[in-house]
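Coordinate analysis (summary)
Each chain, written out:
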Amino acid sequence: MVSWSGHILPFIVTVAIWFVATGLIAWADNRERATFSTSLMVGSIAGIAGLVVILVASLSVEVWAVYLSFVGALMVWGWHELSFLTGASAGPRRGLADPDLTGLARFRQAAATVMHHEVALALTALLLISLAWNMPNQIGATVFVLMFAMRLISKINLFVGVPNSTSEMLPEQLTYLKSYFGPNRMTGLLALSIAAIAAVTWGFATLALAAPVGSAAMVGASLLTTLSLLGVLEHLFLALPFRDGMLWGWALPKRGNPAPINRN
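Read on for a plain summary of the structure.

So, how was this worked out
Residues numbered from 1 in each chain as written. Predicted model: local features only at pLDDT ≥ 70, side-chain atom pairs only at ≥ 80, totals over all residues. Heavy atoms only, no water. Helix = DSSP H or I, 4+ residues; strand = E, 2+ residues; numbered from the N terminus. Rg over C-alpha atoms; globule rule 2.2 N^0.38 Å. Phe/Tyr/Trp six-rings, centres within 6.5 Å; stacked < 30°, edge-to-face > 60°. Buried < 20%, exposed > 50% of the residue type's maximum accessible area, 1.4 Å probe, protein only. Lys NZ or Arg CZ within 6 Å of the ring centre and 35° of its normal. Contact = heavy atoms within 4.5 Å. Salt bridge = Lys/Arg side-chain N within 4 Å of Asp/Glu carboxyl O. Axes fitted to C-alpha atoms, helices over the stretch in contact; angles between N-to-C directions. Parallel < 35°, antiparallel > 145°, perpendicular 65-115°, else oblique. Left-handed = near helix turned anticlockwise from the far one by under 90°. Nonpolar A, V, L, I, M, F, W, Y, C, P; charged D, E, K, R; others polar. Patch = residues over 30% accessible without salt bridge, like charges linked within 9 Å, V, L, I, M, F, W, Y side chains within 5 Å. Areas by Shrake-Rupley, 256 points an atom, 1.4 Å probe, with all protein chains shown as cover. Core = buried A, V, L, I, M, F, W, Y, C linked by side-chain atoms within 4.5 Å.

If you tally the helices and strands in the protein chain, you get nine helices and zero strands. N-terminal to C-terminal, the α/β element order of the protein chain is α-α-α-α-α-α-α-α-α. For a compact globule of 264 residues, the expected C-alpha radius of gyration is about 18 Å, and the protein chain comes in at 19 Å, within 12% of that figure. If one aligns the C-alpha atoms of the protein chain with their principal axes, the spans along those axes are about 55 × 40 × 35 Å.

See below:
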């Protein structure tokens, strides 16, 4: 049986935070570069606060602690996203792709554009896992690891090639990343990625439906279900002719529509 407090409310909370937080980060990293230092300072404070929140909330299995841990994980994630999209933490390579490279050499060059960011995410994931080890509330670490995995999958798909590789959300300081995208095409990898994340979503949904009504376990599983469902949606956006500006145009500066990247 579907529960308002155990299923519907966590769904609404997750979607609302996802929509607003994505827009705020897009707004911050698309402003003038002179504002980046202030944005990074605010983001760093929020990220450190998120770590503290996760640590405190991990001691309790009450519903409020599950929500708090969830929000803390998103605060830490937002910190990393802001540092990446402002260009503060991306990778040692900051230029266009070499069009003559193929195969492993092309992959190495592409990896160099995001290496620092990926290492930072991996280290943070390990930190959160270590903090949550044997703790009663592990939602914070689970949320961060889930988001890290889904983001890594999306980056690999963009490198291999997807039907819809345009992105109005990508700020000017990172436009060179588009040159590392693969050709506009549907691949088995993208289909498999969508199916795999959908299977994870189904697994979390099963846990949410089986948990005691109104329990912290039900709320936590529902939050993870919604988050992974949004991951499925974001990967579907890579396959469908969807414009980022349709949802987050309010957060983006007024500029011309970016031309599609055609690598056929």
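Let us keep going from here.
On inspection of all chains with the given rule, the structure shows five aromatic pairs. Between Trp18 and Trp248, the aromatic rings sit 5.2 Å apart at their centres with planes inclined by 80°, giving edge-to-face as the arrangement. Residue Trp18 is found in helix 1 (residues 4–29), and its partner Trp248 is found in helix 9 (residues 245–248); the two are separated by 230 residues along the sequence. Arranged with centres 3.9 Å apart and planes meeting at 10°, the rings of Phe237 and Phe242 form a pair that is stacked. Using a relative accessible area of 14% as the deciding quantity, one classes Phe237 as buried. According to the relative accessible area criterion, Phe242 is buried, its value standing at 16%. Aromatic ring contacts, followed pair by pair, group Trp18, Phe19 and Trp248 into a single cluster. Across the ring face of Phe159, the terminal group of Arg106 is positioned such that the distance to the ring centre comes to 4.1 Å.

With respect to the secondary-structure elements, Thr226 resides in helix 8 (residues 216–239). Relative accessible area serves as the criterion here: at 4%, Thr226 is assigned to the buried category. Beyond its immediate sequence surroundings of up to four residues, Thr226 is in contact with Pro10, Phe11, Thr14 and Val15.

Tallying each qualifying case throughout the model produces two salt bridges. Here Arg151 makes a salt bridge to Glu81, at a shortest N to O gap of 2.7 Å. Linking Arg151 in helix 6 (residues 139–160) with Glu81 in helix 3 (residues 63–85), this pair joins segments that are 70 residues apart in sequence. A salt bridge links Glu118 to Lys155, with the nearest nitrogen and oxygen atoms 2.2 Å apart. Here the residue Glu118 occupies a position in helix 5 (residues 115–132), and Lys155 occupies one in helix 6, the gap between them amounting to 37 residues. Classification of Glu118 by relative accessible area gives buried; the value is 14%.

Bringing the packing of helix 1 against helix 3 into the picture now. In the contact formed by helix 1 and helix 3, the axes pass within 11 Å of each other and the chain directions differ by 20°. Here helix 1 lies roughly parallel to helix 3, going by the angle between them. As helix 1 runs across helix 3, the sense of the crossing is right-handed. Residues Ser5, Leu9, Pro10, Val13, Thr14, Ile17, Ile25, Ala28 and Asp29 of helix 1 form the contact with helix 3, whose own contacting residues are Tyr67, Phe70, Val71, Leu74, Gly78, Glu81, Leu82 and Leu85. The residue makeup of the contact of helix 1 with helix 3, split by class, is twelve nonpolar, three polar and two charged.

Right, let's talk about a nonpolar patch on the surface for a bit. A contiguous nonpolar surface patch, about 740 Å² in accessible area, is contributed by Val2, Trp4, Ile8, Leu9, Phe11, Ile12, Leu209 and Leu229. For the nonpolar patch, the leading source of residues is helix 1, giving five residues.

Another aspect to go through is the nonpolar core. Ranked by size, the top nonpolar core spans 34 residues in total, and within it Phe70, Val143 and Phe144 carry the most contacts. Among the secondary structure elements, those contributing two or more residues to this core are helix 3, helix 5, helix 6, helix 7 (188–210) and helix 8. The element contributing the most residues to this core is helix 6, with nine residues. The contact partners of Phe144, leaving out residues within four places of it in the chain, are Ala73, Val76, Trp77, His80, Leu121, Thr124, Ala125 and Leu128. With 14 residues, the next largest nonpolar core counts Val114, Phe159, Leu177 and Tyr180 among its residues.

Moving on, we come to the packing of helix 2 (residues 36–57) against helix 3. Put simply, helix 2 and helix 3 touch, their axes get as near as 7 Å, and they point 150° apart. Considering their axes alone, helix 2 and helix 3 lie roughly antiparallel with respect to each other. In the packing of helix 2 onto helix 3, the handedness of the crossing is left-handed. A class-by-class count of the residues in the contact of helix 2 with helix 3 yields 15 nonpolar, eight polar and no charged.

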